[in-house]
Amino acid sequence: MPGMADSAQRVADVWANYWDAAFFAAYPPMQALYDRLGMSGRAQVTPETLLAEADAGGVTQVVVSATDFPGSPANNRAIAAIVARAPERLTGCASVDPRRGMEGVRELRRAIEEDGMRGYKVMPFLYGAPPNDAIYYPFYAACVDLGVPVLILTGHTAVMEKSDFGRPLYVDDVALYFPELTIIAGHAGFPWTDELIGLAWKHENVFIETSGHRPKYLQPVLQHFLNSYGRTKVLFGTGYPFMDYEKPVSDVAAMDLREESRAAFLWDNAARIWGWT
């Protein structure tokens, strides 16, 4: 493992997307983002490249999420088939467009009970409603019943969609109404990271996930939080295929962190949520 060659430290990426060429064709704003950032070559992931890059970065476990919207090929059944290729390395996370109503709730339950999905990902900008909108509440209730976490995208969108739905403060309502729901707020809430840290401190059931950001560029306030009083509240993620694994894992190895904080960030906090041993 780059930067950790002599370490047995396990690593979990809790926010990876299986976005292949068909997905980018179905959602042009994401293709436009990758093109603008000079990353067009990463807009064509395959199961083989995902596993090879995880191996190269020393990543032990990857939570691979579906992304549901009308016409999306990254649906729950497709992701379940990917996970089935390497079930010891990959954990599936469901996605259901909340505008599907009760049919969508039934699909979420089916994906978890039949396909073995172990979470529910919400990207509010895709659905035109912030995460505290009532449209999501039947899905949150199902997650509580089924004992799986919800992963909610927070922060700005990067793609040319409305960013306001990513304000972390919306998560406050969700945590208050659903205290039994494990909430993982993605993308570190940037640029409203302070707001998200306040929520993670306030709510026992709210956690922060760092995908979309190289760890060495995380805001100092978040680095301090994960290395001190928030050690149990921050999880490592990449937003794969937005970045590969070698560089972000090396970043964490080079960060000025207590070893127990590094272990918690890379593995222990996620392992506690998903029950990995």
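So, how was this worked out
Residues numbered from 1 in each chain as written. Predicted model: local features only at pLDDT ≥ 70, side-chain atom pairs only at ≥ 80, totals over all residues. Heavy atoms only, no water. Phe/Tyr/Trp six-rings, centres within 6.5 Å; stacked < 30°, edge-to-face > 60°. Buried < 20%, exposed > 50% of the residue type's maximum accessible area, 1.4 Å probe, protein only. Helix = DSSP H or I, 4+ residues; strand = E, 2+ residues; numbered from the N terminus. Pairing = 2+ DSSP bridges. Right-handed = clockwise from strand over helix to strand, strands pointing away.

Enquirer: What should I look at first to understand the packing of aromatic side chains in this one?
Expert: Both the distance between ring centres and the angle between the ring planes are used here to describe each pair of aromatic rings. Counted according to the given criterion, the structure contains 19 aromatic pairs. Residues Phe 23 and Tyr 27 carry aromatic rings whose centres are separated by 6.4 Å and whose planes lie at 50° to one another, so their mutual orientation is tilted. Of the two residues examined, Phe 23 and Tyr 27, each falls in the buried class. Ring centres of Phe 236 and Phe 265 lie 5.8 Å apart, and the angle between their planes is 85°; on these two criteria the pair is classed as edge-to-face. A residue pair is termed long-range when its members are at least 10 positions apart, and Phe 236 in the loop between strand S8 (234-235) and helix H10 (246-254) and Phe 265 in helix H11 (residues 259-274) qualify at 29 residues. In this structure, Phe 236 and Phe 265 share a single accessibility class: buried. Taken together, the ring pairs in this structure connect Trp 19, Phe 23, Phe 24, Tyr 27, Tyr 34, Phe 69 and Phe 242 into an aromatic cluster.

Enquirer: Whenever I open this one, the sheet that holds strand S7 (residues 206-209) confuses me. Can you help?
Expert: Read from one edge of the open sheet, five strands run S4-S5-S6-S7-S8, paired in parallel fashion. On the outer flanks of this sheet lie strand S4 (120-122) and S8, each paired with one strand and no other. Pairing of strand S6 (residues 183-186) with S7 involves three bridges; the strand directions are parallel. Residue pairing across strands places Ile 183 opposite Val 206, the latter belonging to S7.

Enquirer: Quick question: what am I supposed to make of the pairing of strand S2 (residues 61-65) here?
Expert: Looking down a regular strand, the side chains alternate between one sheet face and the other. With five of its five residues buried, S2 lies for the most part within the structure. Where S2 and strand S3 (residues 90-93) come together, four bridges link them in parallel fashion. Each residue of the ladder has a partner; that of Ser 65, found in S3, is Cys 93. In this view, the connection linking S2 to its parallel neighbour S3 by way of helix H4 (residues 76-83) has right-handed handedness.

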